[in-house]
Amino acid sequence: MSNIHPSAVVDPAAELDSSVTVGPYTVIGPHVKVGAGTTIGPHCVIEGHTTIGRDNRIFQFNSLGAIPQDKKYAGEPCELVIGDRNTIREFCTFNIGSPGDAGVTRVGDDNWIMAYVHLAHDVQVGNHTIFANNSQLAGHVQIGDWVILGGFTVVHQFVRIGAHAMTAMCSLLFGDLPPFVMCQGQPAGARSMNYEGLRRRGFGPERLAAVKAMHKALYRDNLTIEQAKARIAELPQRFEGSAPDVALMQQFLAGLSEHRGIVR
């Protein structure tokens, strides 16, 4: 395959589409599958049971598919699955899943992942996210669609971040961050909703008003979570077109852990 540099070491059992490009000194293991149009830069190591989709751009010096940093791991055939059209910049480390969870670390489609990002075992990343440099995700973290993580964001294990949420630089999250919320601090505190990001994604005045009302219920009116959930459930009657956004928030709040809570 002329797209593979002569100095690259690709196991004969690896399954690479004929259009895949592999740079110098990259090492690819026997259980790796790579889809059409993906480019892999020099000095990468891709190992484990790793599946990479179409049209990804993987820059130099990445480690993808290494075993989890979990002392309980005993060689089980867990996986790393990466979707389509992702950009993965330099020095990222994505580990495979662990048998203590679903066994899969998963990255969706159309994500923009900058340098030095770490995805620990069993992390689940949605679509259209942006992770700035040095974002660090511990095991079992879940990231919704359109999330933006500021540089040096650190996310504690088992934390969930809802769709359209955003963190400021150097945020430290110990609790779940609901959809649409912007946070900042160490530990992170809720600051506002991601209104500008929502406008850029086509949210009109009625949907933005509903998001503002959800923020008020969760953070401004001294309500319990159960009281806030009841108020949020009424919002589609007040704001046209807000039902999907309210359902997104309801689904997130229904999954809260009593031990974790939300970012306040």
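Below: a short report on this structure. (Residues numbered from 1 in each chain as written. Predicted model: local features only at pLDDT ≥ 70, side-chain atom pairs only at ≥ 80, totals over all residues. Heavy atoms only, no water.)

Let's talk about the pattern of salt bridges
Side chains that carry opposite charge are capable of pairing whenever their charged atoms lie near each other.
Turning to step 1, where the next piece is worked out: Going through the model one piece at a time under the given rule, you end up with 10 salt bridges.
Turning to step 2, where the next piece is worked out: For Asp221, the salt bridge goes to Arg231, with nearest N and O atoms at 2.4 Å. Residue Asp221 is found in the loop between α2 (205-220) and α3 (225-233), and its partner Arg231 is found in helix α3; the two are separated by 10 residues along the sequence.
Turning to step 3, where the next piece is worked out: Its relative accessible area of 23% is what places Asp221 among the partly exposed residues. (Salt bridge = Lys/Arg side-chain N within 4 Å of Asp/Glu carboxyl O. Helix = DSSP H or I, 4+ residues; strand = E, 2+ residues; numbered from the N terminus. Buried < 20%, exposed > 50% of the residue type's maximum accessible area, 1.4 Å probe, protein only.)

Description of a nonpolar patch on the surface
Turning to step 1, where the next piece is worked out: Taken together, the side chains of Val9, Val27 and Val45 present a nonpolar region at the surface, about 200 Å² in accessible area.
Turning to step 2, where the next piece is worked out: Within the secondary structure, Val9 is located in strand β1 (residues 9-10). (Patch = residues over 30% accessible without salt bridge, like charges linked within 9 Å, V, L, I, M, F, W, Y side chains within 5 Å. Areas by Shrake-Rupley, 256 points an atom, 1.4 Å probe, with all protein chains shown as cover.)

Regarding the side chain of Thr167
Turning to step 1, where the next piece is worked out: With respect to the element layout, Thr167 can be found in strand β24 (residues 166-167).
Turning to step 2, where the next piece is worked out: A distance of 3.0 Å separates a polar atom in the side chain of Thr167 from the backbone nitrogen of Gly150.
Turning to step 3, where the next piece is worked out: Separated by 2.8 Å, the side chains of Thr167 and Thr153 make a polar contact.
Turning to step 4, where the next piece is worked out: Thr167 has contacts with Ile148, Leu149, Gly150, Thr153, Leu173, Leu177 and Cys183, leaving out every residue within four places of it along the chain. (Polar contact = N/O pair within 3.5 Å; in protein donor to acceptor, adjacent residues only side chain to side chain. Contact = heavy atoms within 4.5 Å.)

Let's talk about the pairing of strand β26 (residues 181-185)
Turning to step 1, where the next piece is worked out: Both β24 and β26 contribute to a ladder of 2 bridges, which runs parallel. The residue of β26 that forms the bridge with Thr167 is Cys183.
Turning to step 2, where the next piece is worked out: Two successive antiparallel strands, β26 and strand β27 (residues 188-193), enclose a turn made up of 2 residues. (Pairing = 2+ DSSP bridges.)

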